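Chain by chain, the residues run as shown.
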Amino acid sequence: MEPLIRMVGITKTFPGVKALDNISFDILPGEVHVLIGENGAGKSTLMKILSGVYQPTSGQIICNGHEYSALTTKTSAEEGIAVVYQELSVINELSILENLFVGKLPTTKRLGIPVVDYKTMMEKAKIVLEQVGLRHDPNTLVGELAIPDKQLCEIAKALVSGAKVIVLDEPTTSLTTSEVERLHGLIRELKAQGCGIVYISHKMKELHQIGDRITVLKDGGYVGTYSVNEVTLDDLIRLMVGREIKGTYFADESAEELQKRPVIFEAKGITRADGACRDISFQLHEGEILGFAGLVGAGRTEAMEAIFGAVPKKAGQVFLRGKELKITEPYAAIKQGLGMLTEDRRKLGFAKNFTCKQNISLEPYIKESTAGGLGGMLDEGKEQKWAAEQISALSVKCTGPDQMTVNLSGGNQQKVILGKWMAAGSEVLIFDEPTKGIDVGSKSEIYVLMRRLAKAGKGVLMISSEQTELLSVCDRIAVFHNGELKAVLEGKKATEEEIVKISTGE
């Protein structure tokens, strides 16, 4: 079978760094070709070369029989290639219809004057929206859609353009189990129509469910391409990481023994003014990691936002080592020893135009400030000290404190974010989806760091949509449904089925 796309001997060198070294990769019609590797392995660089965002230093790209030394974004689109990035590129202020035709509005002539052909747009839109299962009026503003529907809008946009090769970059990061099944159903339909799908994911369990072939990259080099039937998950992890990954990260003590230890942190009756969570109470004991499970919007993140002061509370109290905290805003939470690693790492976790040193210094500066944050002085010596300590303690892979944080891999960005809270001396850390978009090796490092913090006497709260993650890390798991905390399970004894039943209200 002739490939839709062949990339041969692709090498890409940035100043001082060889991001890709002689990579070959092809995409067949009617297949899902999974592309995996740790953060920094070269997956995104390879796909940006395919989409024309980057030009290769050397190599060749063959599309539909046409040979190129490099693609532009225009020639890539003309060859039927579309990329749905993890950070969606839809425009919230435009309607679904307008998003589908951005940059390629069909026109018709009226009185000799070209005008936008809305009739043709609507006809084409209805076909592709039905195909992807996006059941909204095409005139609905995209900003009103949930994340899964925005993603379907991106895929519909690719289909409107006539794409025959669709790259899906971490497509299920923010999706629930039912939404993942819905997306996988759509992918199977596209396969049946002869589309070639490139599927990039760090969720290892998905690969055998949806993939036909798997290509592994490591440190910018090609490791191999395998049929999904000839490699196990353990094989793939070893190929990606080059080492065995530990399976569980529990405390040495049992959950019962941890319950006898002092209470570090306690929430009583937390209720948000908007009703997104109601009467949430829990205790966190010394040395344990307490997990929070539930569907998106079930109240997990909503409760943490209220505790941290990011949204108003209607009722409830928060205690740190028995002392009640008065928190009405994040500034007060930071001053009193709380830290929160948000789910949206790139938007809310760090300043994109700051170096590692500057980002690590943000929270300690707030902690030391006076007059509600108005008072305080910058100190270059302190910044260097804070950054050096955290980069060393957390094993951040960077060229040094002055490297831009935005240029690090996802796992190392997360370490920088953790570093700023550690530099501020935070006593309780709230991790919201801490391994979202992070490769399996970096995930393991984050879990080890979290357990190390718990053993050192820090409070660790962990929100995750991945049951397997919660079941391998958390000593206890609090399960939410419809804004309420329904049950607290022992991590070592709980099952995925039990968590799903409680979180879905069964």
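Residues numbered from 1 in each chain as written. Predicted model: local features only at pLDDT ≥ 70, side-chain atom pairs only at ≥ 80, totals over all residues. Heavy atoms only, no water.

Q: Can you tell me about the overall build of the chain, naming the residues and giving the values?
A: Counting secondary structure elements, the chain contains 18 helices and 22 strands. For a compact globule of 506 residues, the expected C-alpha radius of gyration is about 23 Å, and the chain comes in at 24 Å, within 12% of that figure. Along the longest, intermediate and shortest principal axes, the C-alpha atoms of the chain span 75 × 50 × 50 Å. Across the 506 residues that make up the chain, the buried fraction comes to 53%. For the chain, the separation between the mean place of its 60 positive charges and that of its 66 negative charges on side chains is 2 Å. (Helix = DSSP H or I, 4+ residues; strand = E, 2+ residues; numbered from the N terminus. Rg over C-alpha atoms; globule rule 2.2 N^0.38 Å. Buried < 20%, exposed > 50% of the residue type's maximum accessible area, 1.4 Å probe, protein only. Lys, Arg positive; Asp, Glu negative; His and termini not counted. Charge placed at Lys NZ, Arg CZ, Asp CG, Glu CD.)

Q: A description of the packing of aromatic side chains should follow, citing residues and the corresponding values.
A: Per the counting criterion, the structure on display carries seven aromatic pairs. A centroid spacing of 5.2 Å and a plane angle of 70° characterise the contact between Phe282 and Phe292, whose relative ring orientation is edge-to-face. A residue pair is termed long-range when its members are at least 10 positions apart, and Phe282 in strand E14 (residues 280–285) and Phe292 in strand E15 (residues 289–293) qualify at ten residues. Overall, Phe292 belongs to the buried group, its relative accessible area being 0%. Seen from their ring centres, Tyr365 and Trp386 are 5.3 Å apart, and the 85° between their planes marks the pair as edge-to-face. A residue pair is termed long-range when its members are at least 10 positions apart, and Tyr365 in helix H13 (residues 356–368) and Trp386 in helix H14 (residues 380–393) qualify at 21 residues. Like Trp386, Tyr365 is buried. Ring-pair connections join several aromatic residues into one group, and the members of that group are Phe265, Phe282, Phe292 and Phe480. Lying across the ring of Phe14, Lys12 places its NZ or CZ 5.1 Å from the centre. (Phe/Tyr/Trp six-rings, centres within 6.5 Å; stacked < 30°, edge-to-face > 60°. Lys NZ or Arg CZ within 6 Å of the ring centre and 35° of its normal.)

Q: Lay out the pattern of salt bridges with the relevant residues and their values.
A: Under the definition given, this model contains 31 salt bridges. Its salt-bridge partner being Lys385, residue Glu389 comes within 3.1 Å of it at the nearest N-O pair. Of the two residues, Glu389 and Lys385 both sit in helix H14, four residues apart, roughly one turn of that helix. Overall, the relative accessible area of 37% leaves Glu389 in the partly exposed class. On the accessibility criterion, Lys385 (48% relative accessible area) is partly exposed. One network of salt bridges, in which partners are shared, links Asp26, Glu31 and Arg213. (Salt bridge = Lys/Arg side-chain N within 4 Å of Asp/Glu carboxyl O.)

Q: Describe the side chain of Arg345, and please don't skip the residues or the numbers.
A: Here Arg345 lies in helix H12 (residues 345–349). Among the residues examined, Arg345 registers a relative accessible area of 10% and is labelled buried. A distance of 3.5 Å separates polar atoms of two side chains, one belonging to Arg345 and the other to Gln413. Sequence-distant contacts of Arg345, that is, excluding residues within four places in its chain, are made with Phe350, Gly410, Gln413, Gln414, Ile417, Lys436, Gly437 and Ile438. (Polar contact = N/O pair within 3.5 Å; in protein donor to acceptor, adjacent residues only side chain to side chain. Contact = heavy atoms within 4.5 Å.)

Q: Just give me the short version of the nonpolar core, but keep the residues and values in it.
A: One recurring pattern in soluble globular proteins is that nonpolar side chains are buried together. Counting residues in hydrophobic clusters, the biggest one holds 70 residues, and the most contacted among them are Phe265, Phe282, Met304 and Leu461. Not counting the four nearest positions on each side in its chain, Phe282 is found in contact with Phe265, Glu266, Ala267, Leu290, Phe292, Met304, Ile307, Leu461 and Leu485. Judged by nonpolar contacts, the second largest core, of 50 residues, contains Met121, Met204, Ile214 and Val241. (Core = buried A, V, L, I, M, F, W, Y, C linked by side-chain atoms within 4.5 Å.)

Q: Give a description of the side chain of Thr355 that names residues and reports values.
A: Counting through the fold element by element, Thr355 comes out in the loop between H12 and H13. Discounting residues that sit within four places of it in the chain, Thr355 has contacts with Pro401, Asp402, Gln403, Met404 and Thr405.

Q: Any details on unusual backbone geometry? Residues and values, ideally.
A: The backbone phi angle of Asp279 is positive, close to 55°, even though this residue is not glycine. Relative to the elements of secondary structure, Asp279 occurs in the loop between strand E13 (263–272) and E14. Notably, Ser395 is not glycine yet its phi reads approximately 55°, a positive angle.

Q: Quick one: what's the story with the environment of Ala494, residue by residue and with numbers?
A: Examined against the element boundaries, Ala494 turns out to sit in the loop between strand E22 (484–490) and helix H18 (496–503). Those residues within four positions of Ala494 in sequence are excluded, and the remaining contacts are Leu471 and Leu489.

So yeah, pure geometry; function would need other evidence.
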